[in-house]
Amino acid sequence: MTATRLEPTAAGIATAADCILDGGVIVAPSDTNLALTLDPWNEAAIERAFRIKNRAPTDPLTLFIREPADWRAWATADQPDVVDDLVDAFWPGPLNIVLSKTDAVPDRVVAGGETVALGCLGNPTWRELSAAVDQPLCMTSANLTGEADGQLVDLDLAIEQVGDCVDYILDGEARGTTQSSTIVDLTGPTPAVLRHGDITASDLAAAVDGLAFES
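Residues numbered from 1 in each chain as written. Predicted model: local features only at pLDDT ≥ 70, side-chain atom pairs only at ≥ 80, totals over all residues. Heavy atoms only, no water.

Visitor: Hey, could you run me through the overall build of the protein in this one?
Guide: Looking only at helices and strands, the protein features seven helices and eleven strands. Here the protein has a C-alpha radius of gyration of 16 Å; the compact-globule value for 215 residues is 17 Å, and the two agree. Overall size of the protein, expressed as C-alpha extent along the three principal axes, is 50 × 35 × 35 Å. Within the span of the protein, comprising 215 residues, buried residues form 52% of the whole. (Helix = DSSP H or I, 4+ residues; strand = E, 2+ residues; numbered from the N terminus. Rg over C-alpha atoms; globule rule 2.2 N^0.38 Å. Buried < 20%, exposed > 50% of the residue type's maximum accessible area, 1.4 Å probe, protein only.)

Next up, the structure:
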């Protein structure tokens, strides 16, 4: 049976937030894919999300924060000015940044690793949900692993593949992106683009005074 759909009203967002904080897993909008959305501190919810997706439980998840400047609470960087330049240029928006994690990041989110992927979204429904839970959220695309390559996960696909496995589906407007979020890794000696999205390597370089990004 497909999960109940919630309108992005104050009541719908409050219901979704309460569900997440109670350990539930919902589908919510992002700046790109519709995504499984859950509490990063609830390991049972994380394990459930992996089961829903048929995803390897050793994979890390992305941590999404509401305020761009708060990245320092969750990560550190050898060149924080570079992070600030990217944050100023692209957050909120479809860019995930991989950095060295702080102790504040739950170990299960990063699968025991030393780095964390951080995002900050501009989708208005997501931002209201984030404010309602008043903490970071974990998200991973609302599809079965390997079954939505090269396409964004829209409502129809999310319902088809995971709609009967989640607690709620929170509706929200699309953001008009054409690809999944760009992922950039700033933990190595040279910045690297791990996944290309609508934000290009040229866009990244322009935001940090021409710094080259490996692909």
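Visitor: Any chance you could explain the side chain of aspartate 39 here in plain terms?
Guide: Relative to the helices and strands, aspartate 39 resides in the loop between β3 (35-38) and α2 (43-53). There is no salt bridge for the buried aspartate 39, and the closest opposite charge comes from arginine 48, which lies 12 Å off by N-O distance. Within the structure, aspartate 39 has its side chain in polar contact with the backbone nitrogen of tryptophan 41 (distance 2.9 Å). Setting aside residues no more than four positions away along its own chain, aspartate 39 makes contact with Ile20, Ile46 and Gln135. (Lys, Arg positive; Asp, Glu negative; His and termini not counted. Salt bridge = Lys/Arg side-chain N within 4 Å of Asp/Glu carboxyl O. Polar contact = N/O pair within 3.5 Å; in protein donor to acceptor, adjacent residues only side chain to side chain. Contact = heavy atoms within 4.5 Å.)

Visitor: Any chance you could explain helix α4 (residues 80-90) here in plain terms?
Guide: When α4 is considered as a whole, its buried residues turn out to be Val82, Val83, Asp84, Leu86, Val87 and Phe90. On its buried face, α4 is in contact with α3 (71-74), β6 (93-101), β10 (182-185) and α7 (201-207).

Visitor: Quick question: what am I supposed to make of the pairing of β6 here?
Guide: With respect to burial, β6 is a largely interior element, eight of its nine residues being buried. Alignment of strand β5 (residues 75-76) against β6, held across two bridges, turns out to be antiparallel. Residue threonine 76 lies in a different strand from β6, and its bridge partner there is serine 100. Bridge count for β6 against strand β7 (residues 115-120) is five bridges, and the pairing is antiparallel. Bridge pairing in β7 places serine 100 opposite threonine 115. As judged from the four bridges shared by β6 and β10, these two strands associate in the parallel manner. Opposite valine 98, over in β10, you have aspartate 185 as the bridge partner. (Pairing = 2+ DSSP bridges.)

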